[in-house]
Amino acid sequence: MHFKHPEILYFLFALIIPIVVHLFQLRRFKKEYFTNVRFLKALSIQTRKSSKIKKWLLLACRLLLLFFVIIAFTQPFFESKDNKNANNELYIILDNSFSMQAKGKKGELLKRAVQDLLEETPKNKNFSLLTNEENYWNTDIKSIRATLQNLKHSASPFQLDNILAQLKAHKSAYKKDIIIITDGIGLDQKQLKNVALKDDPIFIIPKAEQKNNVSIDSVFIDKTLDDFYEISIQLSAYGGDFDPIPVSLYNNNNTLIAKTTVPLETSKKRINFTIPKQAFHGYVSIIDNGLTYDNTYYFSISKIKKTNVISIGEPTKNNFLSRIYTAEEFNFNTYTLSALDYNKLEDQDAIVLNELDEIPQALTTTLKSFVQKGGNLILIPSAEGSITNLNSFVSNFGSLKFNTLENNEKQITKINFNHPIYNSVFEKKVINFQYPKTKKSFSLTSSNPAVLSYEDQSIFLTSTNNPSGKVAVFAAPISLENSNFQQSPLIVPTFYKMAMYNPNNGIDALIIGNDTPHWTEVSLDKDAILTVQGSDEEFIPLQQILTNKVKMTFNDFPKQAGNFKILRKKEWIENISFNYGRTESDLASANLSNFSDFKTTESIQSFFDTLQSDRSDNQIWKWFVIFALLFLIAEMAIIRFVK
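About the cut-offs
- Residue positions are counted from 1 within each chain, in the order its sequence is given.
- At least 70 in pLDDT is required for a residue's local features to be given in this predicted model, at least 80 for side-chain atom pairs to be given and counted, and no such filter applies to totals for whole chains, interfaces and linings, which use all residues.
- Calculated side-chain values reflect all of the structure's heavy atoms, with hydrogen atoms and water omitted.
- Only protein chains enter the accessibility calculation, which uses a 1.4 Å probe; a residue is then buried when its area is under 20% of its type maximum, exposed when over 50%, and partly exposed in between.
- The secondary structure listing takes helices from DSSP runs of H or I that are at least 4 residues long and strands from runs of E that are at least 2 residues long, numbered from the N terminus.
- By definition, residues are in contact when any of their heavy atoms lie within 4.5 Å.
- Pairs of N or O atoms are called polar contacts if they sit within 3.5 Å, as long as, within protein, a hydrogen donor faces a hydrogen acceptor (for residues adjacent in sequence, only side-chain-to-side-chain pairs).
- Think of it this way: DSSP has to see at least two bridges between two strands before they count as a pair.
- Note on definitions: salt bridges are taken to be side-chain nitrogens of Lys or Arg within 4 Å of carboxyl oxygens of Asp or Glu.
- In this analysis, axes come from line fits to C-alpha atoms, helices being fitted only over the stretch in contact, and the angle between any two N-to-C directions falls in the range 0 to 180 degrees.
- Angles are sorted into four bins: roughly parallel if under 35 degrees, roughly antiparallel if over 145, roughly perpendicular if 65 to 115, and oblique for all others.
- Take the far helix as your reference; a near helix turned counterclockwise from it by less than a right angle gives a left-handed crossing, and one turned clockwise gives a right-handed crossing.
- Think of it this way: a Phe, Tyr or Trp ring, Trp meaning its six-membered ring, pairs with another when their centres are within 6.5 Å, and the plane angle makes it stacked under 30 degrees, edge-to-face over 60, tilted otherwise.
- A right-handed crossover is one whose linking path, passing over the helix from the first strand to the second, runs clockwise when the strands point away from the viewer.

Trainee: It is not clear to me how helix 9 (residues 387-394) should be interpreted in this structure. Could you clarify?
Mentor: Spacing of three or four residues puts side chains on the same side of an α-helix, whose turn is 3.6 residues. For helix 9, the complete set of buried residues consists of Asn389, Leu390, Asn391, Phe393 and Val394. Summarising the contacts, the buried residues of helix 9 are in contact with strand 19 (350-354), helix 8 (361-372), strand 20 (376-380), strand 21 (400-406) and strand 24 (441-446). Residue Ser386 occupies the N-cap position of helix 9, its side-chain oxygen lying 3.3 Å from the main-chain nitrogen of Thr388.

Here it is as C-alpha cells:
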C-alpha cells in the first residue's frame, strides 16, 4: 500500500490524546461508607465494572476513528499492475480507405468506428489521431468531434508503414500507446513486418458482413467505326451468387444515354455500348450491394484529332507505313535523313526511325527531348548499322542494349497479349497463325517485357515503360529483303497502336494518386497557367510549359473523383476525368492470420476499459472514511445505550 500524502502520518501521534483523556477519567476516588446505603454495596460494584467497560469501548472507538480519519487524509492506494506506462501518450490510427464503406454488424465500418470513438473516448483523455491523409496531434475528443463527424473516405490506400513513419518522426519524451483501427485490406506481411514490435500496437479489426462486391475497373474504346465508337466496360465481381447488375451510361448533364442489365457468371465481365463518334464527357455506373466508391467510372473522349507521324528513312522502305497511317486518322509524312527539317519533330505525336545506317548525335538529342515531352518513338534497326551507334542511341531511353547480329533465320511465335500495345486487339488468344520470320536479327536485351518474341524466347519487339513518351524497339529490320513481317496480320495493329500508344487508349480517365502525366496541346505564355475545375473542386496542378504542349502532374489531386475541365483563365481547353484506384474492391483479400503476432481487441470500449483497469491505481481512502464513520456511529451508540 502507498500513500499520496505520507507526511500526514505524523498526525498519528495525536492518538495519544484520547489515551491521556481516558486515563484522566479513570482517576481513583476516596471511599465513604454510609449505613443507610450499605444494602446497595453489591449493585455499586456491578455498576462500577460496567462503567469501566463502557469507557474502554469508547477509547477503542475514538482511537480507531482518529486513526482511520488520519489514514484517509493520506489517500492510500494500491499501485496498478501497469503503473509504469500510466504516462504513455495515446496515438489512434484510423483507416478511412474506401474498403471501410463495407457494412458490418452495426452499419458501415468507418461510421461505426467514428461513433465508437465519440462515445467511448474519455473526455479528459489527450491523444493524437492519424488517418490516411491527415494528422491531428495532441488533441481530445471534444476538440476533434466535428472533424470526426465529417471524416470522408480517402482516395489514398491505407499505408500503415508510412503512417507509422510519421508517428515516429513526431518526437516525444514519453512511450507510445498505438491503437490501429483497420479492416486489414491492403495490409500484407511486408507492411506488417515494418511495424516496430517494440511499440506493441493494438489492432481493432472490424469485419464486413457482406463480402460480395462488383466494381467498374476500366472503360476503353474497343472499336472505332465510321460514325460510332464501340466502348467496352470492364467489370470485376468479387464473391459469388450475384444478381444481374444494372449498368447505365450518362453524359455530363446526367442524361441517360444507354442502359442494360448484366448477369455475372464469371469474375470478369465485359460489356459494350455504342455511342456517336464525337467528343464525350460523362460516366458509367452500376448498382450493387457492395462498396459504392467503385460503382462509378468517369471518362472523357476528346474531339477527334489526326495523329501526326513522321517516318525517317528511305522512301521505298516507308511505303508500308503509308498504308497503315491513312489520311483519315493520321497526318503522315516521310523524309530521308538528309532532307529532314528538325523543327518539324516537335509537332509530331510519333516518329519512326526506319533502318537508318547511322543516327546522328543531333538527331539523338532532339529525339530524347521529344520522348521526354510525351512523344512516341519507334526504332527499326538497320542490318548495316553500327552496334555501338545503336547502343549509344537507345541508352538514352532505358535499359536497352543491342548485342551481336545473328545471321540465322528465326520465327516470331509468341505474342504478349497482356501488353498495352495489344490491349483489346484480339477477341481471344491466338494460338495458331502464320508465323512471320526474319533472316537477320540482333540479340536484344531489355529490362522491359517483350511484346513479340522469337521461338527461342529472345526479343523481337520491346517497349519502354516510361511515364511520358514510349520507345518501341525492334530487334531486326522488317524490310521485305529481311522479313515477311510486313505481310503478317500483326503489322497493322502493332504500328497503329505504337503510334497511338497511350495508357488511356483514347479515353481521358486518370487515376487519383497516380503520377502518370497528362499532356495538353496548348501554347501558353511564360507566366500563364492552367487550372482544373470540377463541380465542387478547383486546383492548379504541377505543370511544365513546353513549346506547344503543357505537361501536368496531379499527384493526390483532385480529392474527389469526377469530370473536370482544363481552363486557361476562364477559357475552356479540354475535358478530363478522374477516378479512384480500385485497390480496395476485394473485401475478401484481408488475411487476418497476418495479425497473429499482434495484440488485438474487440472494440475501442474494451481498449479503454482495459487501459483503465490496468493503469489506474486502486484508491482505498474511501474505505477508511467509511470505517471512520462506522466507528463514529459506534461511539454514539455506546454513549447512548451502554450504561
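Trainee: Any chance you could explain the pairing of strand 35 (residues 571-579) here in plain terms?
Mentor: Looking down a regular strand, the side chains alternate between one sheet face and the other. Most of strand 35 sits out of view: seven of its nine residues are buried. Looking at chain direction, strand 34 (residues 562-568) and strand 35 are connected through seven bridges and run antiparallel. Within strand 35, the residue paired with Arg568 across the bridge is Glu571. In this antiparallel pair of consecutive strands, strand 34 and strand 35, the connection spans two residues, and Lys569 shows a positive phi of 55°.

Trainee: Can you walk me through the pattern of salt bridges in this structure?
Mentor: Two side chains with opposite charge may pair up if their charged atoms get near one another. For the structure shown, the criterion picks out 13 salt bridges. A salt bridge links Arg112 to Asp116; its shortest N-O distance comes to 3.0 Å. Taken together, the residues span about one helical turn, with Arg112 and Asp116 both in helix 3 (residues 109-120) at a distance of four residues. Asp456 is paired through a salt bridge with Lys410; the nearest N and O atoms lie 3.6 Å apart. One end of the pair, Asp456, is in the loop between strand 25 (450-454) and strand 26 (459-463); the other, Lys410, is in strand 22 (residues 410-415), and 46 residues separate them in sequence. Given a relative accessible area of 5%, Lys410 falls into the buried group. Each of the salt bridges in this network shares a partner with another, and the network as a whole consists of Arg112, Asp116 and Glu119.

Trainee: Looking at this structure, I do not really get the side chain of Asn318. What am I missing?
Mentor: Within the fold, Asn318 resides in the loop between strand 17 (307-313) and helix 7 (319-324). Assessed through its relative accessible area of 3%, Asn318 is described here as buried. Reaching out from Asn318, the side chain makes a polar contact with the backbone oxygen of Gly313 at a distance of 3.4 Å. Each residue touching Asn318, except ones within four places of it in the same chain, is listed here: Ser311, Ile312, Gly313, Phe332, Thr334 and Asn354.

Trainee: Is there a simple way to think about unusual backbone geometry in this case?
Mentor: Apart from glycine, the bulk of residues carry a negative phi angle, and the bulk of peptide bonds sit in the trans form. A cis amide bond links Phe557 to the next residue, Pro558, at an omega of -5°. Position of Pro558 among the secondary structure elements: in the loop between strand 33 (550-553) and strand 34. Backbone geometry at Asp241 places phi at a positive 60°, although glycine is not the residue there. Topologically, Asp241 is positioned in the loop between strand 11 (228-238) and strand 12 (245-251). A positive phi is found at Asn555, a non-glycine position, where the angle reads about 50°. Along the chain, the position of Asn555 falls in the loop between strand 33 and strand 34. Note on Asn555: relative accessible area 30%, which makes it partly exposed.

Trainee: What is the right way to read the packing of helix 3 against helix 4 (residues 141-149) from this model?
Mentor: When two helices pack together, their arrangement is given by the angle between the helix axes and the distance between those axes. Contact pair helix 3 / helix 4: the axes reach a minimum separation of 10 Å and the direction vectors enclose 160°. In terms of orientation, helix 3 and helix 4 fall into the roughly antiparallel class. With respect to the hand of their crossing, helix 3 and helix 4 are arranged in left-handed fashion. Contacts between helix 3 and helix 4 involve Val114, Leu117 and Leu118 on the former and, on the latter, Ile141, Arg145, Leu148 and Gln149.

Trainee: What exactly am I supposed to notice about the packing of aromatic side chains here?
Mentor: The description of an aromatic ring pair rests on the distance of the ring centres and on the angle between the ring planes. By the definition in use, this model includes 30 aromatic pairs. Aromatic side chains Phe68 and Phe631 sit 5.6 Å apart centroid to centroid with 10° between the ring planes, which places their arrangement in the stacked category. Placement of the pair is Phe68 in helix 2 (residues 41-73) and Phe631 in helix 12 (residues 621-641), with a sequence separation of 563 residues. Taking the relative accessible area as the measure of exposure, Phe631 reaches 22% and is therefore partly exposed. When the centroid spacing of 5.6 Å and the interplanar angle of 25° are considered together, the rings of Phe539 and Phe557 count as stacked. In this pair, Phe539 is assigned in strand 31 (residues 538-539) and Phe557 in the loop between strand 33 and strand 34, connecting sequence segments 18 residues apart. By way of ring pairs, the aromatic residues Phe320, Tyr454, Phe460, Phe474, Phe485 and Phe495 are connected into one cluster.

Trainee: Please explain the pairing of strand 18 (residues 330-335) as it appears in this structure.
Mentor: Of the strand pairs in this sheet, strand 17 and strand 18 are connected by six bridges, and their pairing is parallel. From the neighbouring strand, Ser311 faces strand 18, where its bridge partner is Thr334. On the question of chirality, the crossover connecting strand 17 to the parallel strand 18 by way of helix 7 is right-handed.

Trainee: How should the sheet that holds strand 15 (residues 280-286) be read in this particular structure?
Mentor: Within the open sheet, the four strands sit side by side as 13-12-15-16. Their pairing is antiparallel. Looking at which strands have only one partner, the edges of the open sheet turn out to be strand 13 (256-262) and strand 16 (296-301). Along the sheet, successive strands turn relative to each other by an average axial angle of 15°, direction set aside. Direction of pairing for strand 12 relative to strand 13: antiparallel, over a ladder of six bridges. Each residue of the ladder has a partner; that of Tyr250, found in strand 13, is Leu256.

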